[in-house]
Each structure stands twice: as structure tokens, then as C-alpha cells.
Amino acid sequence: MADVRFDHVYKRYGSNTPVITDLNLHINDHEFLVLVGPSGCGKTTALRMIAGLEEISEGNLFIGDRLVNDVAPKDRDIAMVFQNYALYPHMSVYENMAFSLQRHHVSKAEIDQRVRRAADMLGIKDYLNRKPRALSGGQRQRVALGRALVRDPKVFLLDEPLSNLDAKLRVQTRTEISRLHQQTQTTFVYVTHDQVEAMTMGDRIAVLNAGVIQQLGKPQELYERPANLFVAGFIGSPSMGFFNGSLAWSPGGDALITIGSGEAAHTLTLKGAATGQNAEQSTPNGQGVIFGVRPEDLRLASDDAENTLPGVVDVVEHLGNEQLVYLRMEGVVTLENAETKGVTARIAPDVTLRPGEQVSLAVEVAHAHVFDAKTGERIV
Amino acid sequence: MKTTDPLDTAGALPRALPTGALDLEKLNEKTGAAIPPPSLTPLERLKRLASSSSLTAIVVVIALIWLTPTFGIFITSFRPPSDIQASGWWMAFAPPWHFTVSNYVEVINAQGLGKAFINSLIIAIPGTILPTLVAAFAAYAFTWMRFPGRDWLFLTIVALLVVPIQMTLIPVLNLYVSVGTATNNSIQLTGSYLGIWLAHTAYGLPFAVYLLRNFFSALPSDLIESARVDGASHVGIFTRILLPLSVPALASLIIFQFIWVWNDLLVALIYLGGNPDTSPLTVTVANLVNSFGTNQYEVLTSAAFLSMALPLVIFFSLQRYFVRGILAGSVKG
């Protein structure tokens, strides 16, 4: 049990641009921290640096109070679950789980007790004598978890442990890992590219892109106040819809966002948006902005309602409790990292909408997001 | 596969479809690629040919032709000398049948082949184990340890594969002699088993390192890293993970190396110097050919078959270690 601290850590391969740039991250004791980001963002590299499998080019890494830059993996007292399970194929499940304890010279009786307890927790005690090849994917992944679990390590590292499981098993195992964390009360560092996993499991989430932390915070914070366009597009499923717009400030401190131009222009009023933010000074009138709205913040409304935008229904997906309506709208921006393109609205299931239909959508402006079009940083 | 309905696939991924057209296009592309082209490529024709029974028949015939001389030696070695002089070995199958083991008794006792057989074992067993062991350590280091100049060193060792043995005989022998002089003959490398063990180890290493390194580097790196995180040292990873997983490669290497050392005449002749007390089978059989010429086939055939026997045993007993799918269940994909 220990905290993990990255202190101005860099990772470079040769003279290329760094894979990880100036990483500062304090993972608290007992915390479940998720590193999330698109592939190649450096999240796995960061995890492997904690494990000691990747050298640190610059900066310091602490586990507990100990500087571990030059400590070998075997002396770090960490356990890691690999994306591909990495089970020892020639050993039985029992031997796989006992391997690390044997390396640490734990007594036979205690190894037996710990392996059986972990197998019990994971529901694999009936397979202890089997070889990995006789197990299904889900069972293999549980053995991999068990192998880490018996260690009782300071830090638990998980590298996309669910990505090789099918959808159903993924949801089950997700819950199991959350339960394991509650039971063991160990520090967990979890790497994934799946924002749903990140949102559901993490105490805190660090969103990485191109080797830089974009935002660090509780799942709800990331969802409600994404710090920049990248996080806004990455978190949430379906993704937030984005529009090109321009910003003006009213004397009362309201932000006026104009989307579209000429006759098609619509203006949304964000009441009291400037309060206490000093946004007015930093963003002048007429500044180009990206306006973001989550699917649940769009509602069907009559044309004369306040803060509406017109749209045309493109595709309708019925999910039973709601329907997802994909819309064609004026001024839509497509972000590269967003899971879904275009604008989506969550609509109650009892409304009948046909593709091609003209609709008017009221925007819940209190929950709207405004980003600087140039820097991508959050304004409101 | 042929008739995959693109809509079917799309239905399973509702979220992938918001903008419709683009994704459907991609799906269509994929489906299109899955339909096999109407005409067969030359490669496919070759594959069909390979699976046909006529090819099997050709292979069997070639194998039979290849085996006939060996089989002839085998039969001849069990015939009495008078029969060998009188008729070809195939006549042995016509009655009256005369088979005898006296030829073997003669070569093993009177011609010293029994002693030579033991000598061959004394040379071949360490001459196989030493290079295999050293090569395994080296291949491990070349694959999983980081040190400066690693790749260059490995390339140099592989480059040594092209050096002909004959080129090294005189320099190495010189070295052996000077080691003897320098140590007042307390380390005797010429004419001793130690010298020939070292020679075979050195000659075998480049290929052995090359073979094992290729095999090791094909093992999933996750496995080794997992063991490192689990607390295994390099020795632990080598003995507990790598060796058990490398059994197929080690078995084939042992077969290669053993047969090459067992059949070696040149190296033994040069470094052991033809002393009958230490000579292996190859040297002794060569001497028999010189002294008996082409007249006494009974001695030569039984001697030849004796020298052939052990490699056959080794090959067939290690064959079962060529296991496919030794990594099954370890990693996904």
C-alpha cells in the first residue's frame, strides 16, 4: 500500500519528440486511478514506468517515499495484469499464481493459503490444476488477476485487462475488478482506452493525449466541466455535439453564442456565464468559439421557445428506455477523437421521429460548454 | 463468409453508424475483399497439387530410393562373409536364409569398435551439452538483456557462420600447443578430450546462438516482463520460464549438434591426432576402410551400421518434443 508520484517525468526514444512530456501526477494511497486516452497517448508507457519495465528519461518516480527510478521491477513490490494475460503456459493455474510467492521465498503453507483464498475470491478454485490453454478467455483473465492478487502488492497495475474479453464478460469483469479494489484497499492504476471503463471504475481519471495530461479529476468533474475540447470529445457516449460559433458578452455578463450566419444564424444566451471567471477579459467579443452540448441537454421544443437550434433527423436508434437521434445541423464541427460524429440527442422513447424530419431543439444552456476555437481551452 | 450481409454487421454496432454512408462504405469494402476471386492463383493451384495423392506417391518413391542403400548395408551386415562374396544383398531374402551377428561380434571385439563407440560418446555428449548450454545463455542475453553493443556482438557471432572450419584448424591447433607450453603441459589441449570438447563447442556456437536467439525472440515479451514483475531474476526467468518453453528448439538443436559431432571426422583427426585409444567411431571406421579396402564388406557394413545406430535413436527419441502450440493459452492473439 503506497502512493505513486510522477515528478516532472519525461520519456524519450532517441531524439524524437517525447512520448511523455513533463508528467506530474500524484496517485493517492488506496486510490483507483484510471489513465485513459487514445492509442499512442503514452498511458501504457506511464504504467510500464511504474512497473519498471520502461526506463525514465528524465524526472523522478516515487512509490511510497522511495525513489524507484533505478529499482528493478522485481524489487518494486508491484503486481501487473497484462492485456494479453501473459500466463505461463507450461504451469498450472496454481503454479501460475504461486510463481511470484515462490520467488519471494514465502513458505509453502502460506503460498497454499494465499492461492486458495485468491482463487476463491475470483471463482477459479475448480481450475487450479488446469493449464491455461484449457481455460476460456474470461477464466484466463481471472487467473491473471489472481496472480497479481496473491502478491498483496503495494500497487496494482492493470494494462487494458478487459480489452480481449467479449462485451458481456467485460461488464462482469469490470464489476469484479471494482469489487477487488474495495476488498483489497490497494492502490490501483488502470490503463484503458475505453472511456466507459474509466468513468465507471475510477476514483479519479487522468485523460492523456500525446503524452500530456489533459485533465485530472473525478469522473463527474470530467463529464460536467471538461477542461478542453479533447476531454469534452473523449468523455461521454455518445459524444458531445460541437458547433462553430462566435462569442459576445452582454452588459449583464451573459454570454451570447451565435451559431450559423446570415438568416440561418441562431443566438443562444448563457445567463451569468461571466460571473467570477474573468472570462470577459480573456475572451473578447466576436471571438471564434466551439460550442458543445451533450445529447441529454438537447430537447425537442417548439420553434418559438428560447435557445433553440433547428435540425434534420438523420438516423434514429431505439434503445428501449430512450432513443438516440443523430441530427444534421448547421455549423457542426467534427472532432477527430470523438466516439460519435455530428450531433446526437437523447429523446424520450414515446416520440416518433422519421429520418428527414425537421425538428427544433432546445439547448439546456446551463449545462452547455464553450471552448476557445484556437486553443481548445474551456471558456465557459 | 461469401454472403455476409453488410446490414447484419452494422446492426451489431449501432453506435458506429451515426453518419451512415461512410461506415457502410467501409463495411462494403471489407465484405468485398472476403469474396474469393473466381480464378485460382498459381499458389492455390500449387497447394491443390500438394494435397493430391499423386504427390504423396512421388514422395514415397523418392524416400524409398533414398533408403535403399542404407537398407542394403543393414541386410549385408547380418549376412555371412561367404554369402556377401557370392551374391547381392537382395538375395538374402531368397531361401535358404543365413543370418548371423558374428560380423558385429568381430568388429566390436577384434577391430576395437566397442572402444571407439565409447570414445565417440565421451566426445559427443559434452560436445553437445556444452554448446547448447552456452548458446542458451548467450541467446537469452542477446534477447532479453540490455547492454551496449549487443546487436553488433550478435551480428559478429552470426557472421562467424560463414567461416569455413578448415581455415581455423591450424591457428587453433597453434593456440592449443602454445597453451600447453605456457602451462608446462598441465593444461593439455592437443590430443585430449578437453581440447576437442572446446573445439566442438566453438564450432557449434554460432549456429546454436542464432537458432535459439530467433526462437527466444519469438516468445511473447509480456511473458518475460510478467516474470520480471513477479520477482524473478534473470536466472529464474531462464530456468523457470524460458527453458521449459524452449524444449522444441533445444531438442532440434541437440539433434543437429549431436549428429554433427558424432559424424565428425576432420576435427577429431586434427585435435586428437589419430591415437586408437582415444579415436571416435568415425576415425576407426575410416581406418577399417583403409585396412580392409573393398573386400571385407561384412566388417565395413556392420561398423557403418553401428555408427549410424545412435543418431537414429537420438532422433526418434527426441522427436516427440517437437510439440506444436507449446505457447497455447499463454497470451491472446
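Residues numbered from 1 in each chain as written. Chains lettered and ligands numbered in written order. Predicted model: local features only at pLDDT ≥ 70, side-chain atom pairs only at ≥ 80, totals over all residues.

Student: I keep staring at the overall build of chain A and nothing clicks. Help me out?
Tutor: Scanning chain A from N- to C-terminus turns up nine helices and 21 strands. The C-alpha extent of chain A, read off along each of the three principal axes, is 80 × 45 × 35 Å. Residue burial in chain A is summarised as follows: out of 380 residues, 45% are buried. Within chain A, residue pairs in contact and separated by at least 24 positions form 67% of the contacts whose partners lie at least 6 positions apart. (Helix = DSSP H or I, 4+ residues; strand = E, 2+ residues; numbered from the N terminus. Buried ≥ 20, exposed ≤ 12 C-beta atoms within 10 Å, placed from the backbone. Contact = placed C-beta atoms within 7 Å.)

Student: Would you mind going over the packing of helix 10 (residues 193–218) of chain B against helix 13 (residues 247–262) of chain B with me for this structure?
Tutor: Between two packed helices, what matters for the description is the angle formed by their axes and the separation of those axes. All names here are of chain B. One can describe the packing of helix 10 onto helix 13 by two numbers: an axis separation of 11 Å at closest approach and a directional angle of 160°. By the angle between their axes, helix 10 is roughly antiparallel relative to helix 13. Between helix 10 and helix 13 lies a crossing whose hand is right-handed. Residues His200, Gly204, Ala208, Leu211, Leu212 and Phe215 of helix 10 form the contact with helix 13, whose own contacting residues are Ala249, Leu253, Gln257 and Val261. In terms of residue class, the contact of helix 10 with helix 13 is made up of seven nonpolar, three polar and no charged. (Axes fitted to C-alpha atoms, helices over the stretch in contact; angles between N-to-C directions. Parallel < 35°, antiparallel > 145°, perpendicular 65-115°, else oblique. Left-handed = near helix turned anticlockwise from the far one by under 90°. Nonpolar A, V, L, I, M, F, W, Y, C, P; charged D, E, K, R; others polar.)

Student: So what exactly am I meant to see when it comes to the sheet that holds strand 19 (residues 343–347) of chain A here?
Tutor: In any sheet, the strands associate via hydrogen bonds between backbone groups, in a parallel or an antiparallel arrangement. Residues and elements named next belong to chain A. Taken in spatial order, the five strands of this open sheet run 15-20-16-17-19, and their pairing is antiparallel. Edge positions in the open sheet fall to strand 15 (298–300) and strand 19, since each of these has one partner strand only. Between one strand axis and the next, the sheet turns by 50° as a mean value, whatever way the strands run. Sheet topology places strand 16 (residues 308–318) next to strand 17 (residues 323–329); seven bridges connect them, and they run antiparallel. Bridge pairing in strand 17 places Val315 opposite Tyr326. (Pairing = 2+ DSSP bridges.)

Student: Looking at this model, I keep getting lost on the nonpolar core. Mind explaining?
Tutor: Grouped burial of nonpolar side chains is what soluble globular proteins tend to show. Ranked by size, the top nonpolar core spans 131 residues in total, and within it Ile50, Leu157, Val189, Phe291 and Val370 of chain A together with Leu212 of chain B carry the most contacts. In this view, Leu212 of chain B contacts Ala135, Ala136, Ala139, Ser246, Ala249 and Leu253 of chain B; residues no more than four positions away in its chain are not counted. Core analysis: the next-biggest nonpolar cluster, separate from the first, contains 18 residues, Tyr176, Leu189, Trp197 and Ala199 of chain B among them. (Core = buried A, V, L, I, M, F, W, Y, C linked by C-beta atoms within 7 Å.)

Student: It is not clear to me how helix 4 (residues 137–149) of chain A should be interpreted in this structure. Could you clarify?
Tutor: Helical geometry: 3.6 residues make up each α-helical turn, so side chains three or four residues apart lie on a common side. Residues and elements named next belong to chain A. In this model, helix 4 (13 residues) spans 18 Å end to end at C-alpha, consistent with the 18 Å of a helix rising 1.5 Å per residue. Where burial is concerned, most of helix 4 is hidden: eleven out of the 13 residues are buried. Listed in full, the buried residues belonging to helix 4 are Gln139, Arg140, Gln141, Arg142, Val143, Ala144, Leu145, Gly146, Arg147, Ala148 and Leu149. (Expected span 1.5 Å × (residues − 1).)

Student: What's the story with the sheet that holds strand 2 (residues 20–27) of chain A in this structure? I'm lost.
Tutor: Residue and element names in this part refer to chain A. Overall, antiparallel pairing links the four strands, which are arranged 2-1-4-5 in an open sheet. Looking at the sheet topology across the chains shown, the edges are occupied by strand 2 and strand 5 (66–67). Of the pairings in the sheet, the one linking strand 1 (residues 4–11) to strand 2 comprises five bridges and is antiparallel in character. Looking at the pairing, Lys11 lines up with Ile20 of strand 2.

Student: I would appreciate a short explanation of the domain arrangement of chain A in the present structure.
Tutor: One frequently used descriptor of interface size is the decrease in accessible area upon assembly of the parts. Residue and element names in this part refer to chain A. The domain boundaries assigned to chain A delineate domain 1 (4–234) and domain 2 (241–372). At the junction of the two partners, domain 1 supplies eight residues and domain 2 supplies seven residues. Taken together, the residues that form the side of domain 1 that touches domain 2 break down as six nonpolar, two polar and no charged. (Domains from an automatic or database assignment.)

Student: Teacher, can you tell me more about the pairing of strand 13 (residues 266–270) of chain A here?
Tutor: Residues in a regular strand project their side chains so that they alternate between the two faces of the sheet. Residue and element names in this part refer to chain A. Bridge count for strand 12 (residues 255–259) against strand 13 is five bridges, and the pairing is antiparallel. Its bridge partner being in strand 13, Ile259 is matched across the sheet by His266. Connecting the antiparallel pair strand 12 and strand 13 is a turn made up of six residues, with Gly260 showing a positive phi of about 80°.

Student: Looking at this structure, how should I read the domain arrangement of chain B?
Tutor: All names here are of chain B. By domain assignment, chain B separates into domain 1 (1–36), domain 2 (51–106) and domain 3 (109–321). Each of domain 2 and domain 3 was reduced to a C-alpha centroid, and the two centroids are 32 Å apart. Contacts between domain 2 and domain 3 engage ten residues on the former and ten residues on the latter. Elements that contribute at least two residues to the side of domain 2 that touches domain 3 include exactly helix 4 (53–76), helix 5 (81–86) and helix 6 (102–110). By residue number, the principal contributor to the side of domain 2 that touches domain 3 is helix 6, which donates four residues. Of the residues assigned to the side of domain 2 that touches domain 3, the class counts are six nonpolar, three polar and one charged.

Student: I keep staring at the environment of Lys218 of chain A and nothing clicks. Help me out?
Tutor: All names here are of chain A. As for its placement among the helices and strands, Lys218 is situated in the loop between strand 10 (212–217) and helix 7 (219–224). Given 12 C-beta atoms within 10 Å, Lys218 falls into the exposed group. Each C-alpha atom, one on Lys218 and one on Met199, is 8.6 Å from the other, the two residues being 19 residues apart in sequence.

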